[in-house]
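One letter stands for each residue in the lines below.
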Amino acid sequence: KRFGNFAAVDNVSFNLETGSLVALLGPSGSGKSTLLRMIAGLEIPDGGEIILTGNEATHLSAGERNIGFVFQHYALFKHMNVWDNVAFGLKMRRESKQKIHDRVTELLKLVHLEGYERRFPDQLSGGQRQRVAVARALAPEPHVLLLDEPFGALDAKVRDELRDWMLQLHEESHVTTLFVTHDQHEALEISNTILVMNQGRIEQTGTPLQIFDHPATQFVAEFVGESNFIDASVSEENLVLWGPFKFVVKGFRVGQNVRIYFRPDDVYVTSEEETLQVQATINRSRFRGAAMELDLDVGNGRRIIAHIPKGVFLASGFQLGQKVYVGITAFHTFGR
Ligand code: ATP
């Protein structure tokens, strides 16, 4: 999909399994909304195909695709109460009164809004409005549910509750769902597959665990989760030396510049001297809730960040300036 000369979605190809819950994760401007809008039929691709339940749908109108769409900003009908909002798509289809009654009742139960039938959108909280929007989108039994930053405008606590709610909803409804988010925690927590997008392309497709533990590209390593990174070169065959650390790497030439990433959670810190461990000094510690962040000096101005569970930190009695021993338990290497 191009806007003028600019490729907003560039050569993207993927397959959603029926019943899956998939996150489209990427920074602002990476093409997530454009991709979603093309699937919905709100934007026409310049090339390629969109296939829905096995049928070519590229040239179908939005109304012919049987897709549910929820936007970031509540697009409820302000002059209609909750019941009428949810019933809207069914009335348009001229479903029977009984069918409408049963389906709306079922959906309000599914989104935990029984008893709110007569309220108008301005009498609901932001989270409740988004749940009505989801119920309304699900009413005509769409093949696919598309959500564009559905919780983007809500505060952190409500977002958290809605994540749990969405997981439960998906377990009960089994509708193939694709949701856009730029929030990695949301993507990692809720989805069973993540598509990571950057500059109009898909960088990686995988389960949350694959994306987090085995980033396929530098972009994914930096965008998803926190990382330390080290720029160095391969000094001997399969070996990168960085101060006191030795990294065994494969698939790079001697002399090649590489960037090594490792998670703060993959830094092991202990006050006991153990084999192969590097000595470091605790420069600074920062409380992060469940974890403590330690800024470690490993000599000659080289610094790394470690996250250790708060309980481990308290039990070990670490102090600023203390000498500790560190090891890196997992890392990834990319050529530069
Ligand atoms: P965000 O998270 O900020 O919504 P996004 O990943 O959803 O970002 P898109 O909205 O898909 O990104 O936009 C992708 C790129 O295409 C952006 O650079 C945007 O400026 C551009 N773009 C989107 N819609 C149009 C349009 N109608 N005309 C011109 N350029 C557009």
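As the structure is a prediction and not an experimental result, all values here were calculated from the model. (Residues numbered from 1 in each chain as written. Predicted model: local features only at pLDDT ≥ 70, side-chain atom pairs only at ≥ 80, totals over all residues. Heavy atoms only, no water.)

Engineer: Account for helix H4 (residues 126–138), naming residues and giving values.
Structural biologist: For H4, spanning 13 residues, the distance from its first C-alpha to its last is 19 Å, which sits close to the expected 18 Å at 1.5 Å a residue. With twelve of 13 residues buried, H4 is to be regarded as a mostly interior element. Within H4 the residues assigned to the buried category are Gly-126, Gly-127, Gln-128, Gln-130, Arg-131, Val-132, Ala-133, Val-134, Ala-135, Arg-136, Ala-137 and Leu-138. On its buried face, H4 sits against strand E6 (67–70), helix H2 (82–92), helix H3 (97–110), strand E7 (144–148) and helix H5 (156–173). (Helix = DSSP H or I, 4+ residues; strand = E, 2+ residues; numbered from the N terminus. Expected span 1.5 Å × (residues − 1). Buried < 20%, exposed > 50% of the residue type's maximum accessible area, 1.4 Å probe, protein only. Contact = heavy atoms within 4.5 Å.)

Engineer: Which residues make up the confidence of the model for the chain, and what values go with them?
Structural biologist: When pLDDT is averaged along the chain, the result is 91; 99% of the residues meet or exceed 70. Confidence scores differ between elements of the chain, with H5 showing the lowest mean pLDDT of 84 and strand E9 (residues 193–198) the highest of 97. (pLDDT = per-residue confidence, 0-100.)

Engineer: Residues and numbers for H3, please.
Structural biologist: Its 14 residues give H3 an end-to-end C-alpha distance of 20 Å, which sits within 8% of 20 Å, the value for a rise of 1.5 Å per residue. Three or more residues of H3 are buried, namely Ile-100, Arg-103, Val-104, Leu-107, Leu-108 and Leu-110. Buried residues of H3 fall within an arc of 150 degrees about the axis and therefore sit on the same side. Facing away from the buried surface of H3 by more than 90 degrees, the exposed residues are Gln-98 and Lys-109. Buried positions along H3 lie against H2, H4 and H5. Immediately beyond the C-terminal end of H3, within one or two residues, lies His-112, with a positive phi of roughly 60 degrees. (Arc of directions from axis to C-beta.)

Engineer: Tell me about the pairing of E9, and name the residues and values.
Structural biologist: On a regular strand, one side chain projects to one face of the sheet and the next to the other, so that they alternate. Most of E9 sits out of view: five of its six residues are buried. Sheet analysis places strand E3 (residues 21–25) next to E9, joined by four bridges and oriented parallel. The residue bridging Val-22 from the neighbouring strand is Thr-193, located in E9. Of the pairings in the sheet, the one linking E9 to strand E10 (residues 201–206) comprises five bridges and is antiparallel in character. (Pairing = 2+ DSSP bridges.)

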